[in-house]
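If you want the building blocks of each chain, they are given just below.
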Amino acid sequence: MKRVKDMVAEANELVAHAPAADLLAQHGTEGVTFVDLRDPRELDRDGMIPGAFHCPRGMLEFWIDPDSPYAKEVFQSGNRFVFYCASGWRSALSARVAQEMGLENVAHIRDGFTGWKAAGGPVAERKPR
């Protein structure tokens, strides 16, 4: 059986990643989209990076594929995408998948939203839908 820890390690060998403290400066930069992969309950409980696009992990492939009936225009923008989750595991796998699907400029926050908060990154409440 292939272990998830090994899958995350493989993803980190293939995609750009950095700790949150190193990515703080990219927040709010034109052409950079932070993508929150966490479950809506996590966002409600903990907040999120202001201005981040919420894409539940289970929908990522469907939202990236322009031929999918669920495609989201944000993923066709040509922006740099910085994926994050709580601790960097889901985001590592997601960044790898996004790259395999053709998004060229992707990265992920290695220590996740937990690292973002620890580094003093801004946090906002989730906007109601």
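Residues numbered from 1 in each chain as written. Predicted model: local features only at pLDDT ≥ 70, side-chain atom pairs only at ≥ 80, totals over all residues. Heavy atoms only, no water.

### A few points about the layout of surface pockets
Link 1 in the chain: As a volume, the largest pocket reaches approximately 200 Å³.
Link 2 in the chain: Along the wall of the largest pocket there are 14 residues; nearest its centre are Met-48, Ala-52, His-54, Arg-126 and Lys-127.
Link 3 in the chain: Tallied by class, the residues present in the lining of the largest pocket amount to 8 nonpolar, 2 polar and 4 charged. (1 Å grid on protein atoms, 1.4 Å probe; cavity = no way out; pocket = protein on both sides within 12 Å on 5 of 7 lines; lining within 4 Å. Points joined across faces, edges and corners; volume = space filled by probe spheres on them. Nonpolar A, V, L, I, M, F, W, Y, C, P; charged D, E, K, R; others polar.)

### Concerning the sheet that holds strand 3 (residues 53–54)
Link 1 in the chain: Here 5 strands make up an open sheet; going across it, the order is 1-5-4-2-3 and the pairing parallel. With one partner strand each, in any of the chains shown, strand 1 (16–18) and strand 3 form the two edges of the open sheet.
Link 2 in the chain: On the sheet, helix 5 (residues 89–100) packs against strand 4 (80–84) and strand 5 (106–109) and is oriented at approximately 175 degrees with respect to strand 5. (Pairing = 2+ DSSP bridges. Helix = DSSP H or I, 4+ residues; strand = E, 2+ residues; numbered from the N terminus. Contact = heavy atoms within 4.5 Å. Axes fitted to C-alpha atoms, helices over the stretch in contact; angles between N-to-C directions.)

### Some remarks on the UniProt feature "domain: Rhodanese" (unreviewed entry) in the chain
Link 1 in the chain: The UniProt entry lists residues 28–125 under the feature "domain: Rhodanese" (unreviewed entry), expressed in the numbering used here.
Link 2 in the chain: A distance of 17 Å separates the end C-alpha atoms of residues 28–125, which is 32% helix and 16% strand. (UniProt positions renumbered as here; feature names shortened; annotations may be inferred.)

### Details of the pattern of salt bridges
Link 1 in the chain: One pass over the full model with this rule turns up 9 salt bridges.
Link 2 in the chain: Lys-2 is the salt-bridge partner of Glu-10, the closest N and O atoms lying 3.0 Å from each other.
Link 3 in the chain: A salt bridge links Glu-61 to Arg-57; the shortest N-O distance between them is 3.1 Å.
Link 4 in the chain: For Arg-57, a relative accessible area of 23% gives the class partly exposed.
Link 5 in the chain: Bridged by salt links that share partners, the residues Lys-2, Glu-10, Arg-96 and Glu-100 form one connected network. (Salt bridge = Lys/Arg side-chain N within 4 Å of Asp/Glu carboxyl O. Buried < 20%, exposed > 50% of the residue type's maximum accessible area, 1.4 Å probe, protein only.)

### What to know about the side chain of Ser-94
Link 1 in the chain: Within the fold, Ser-94 resides in helix 5.
Link 2 in the chain: Residue classification places Ser-94 among the buried residues on the basis of a relative accessible area of 0%.
Link 3 in the chain: Leave out the neighbours within four places in its chain, and Ser-94 touches Leu-37, Arg-57, Leu-60 and Phe-83.

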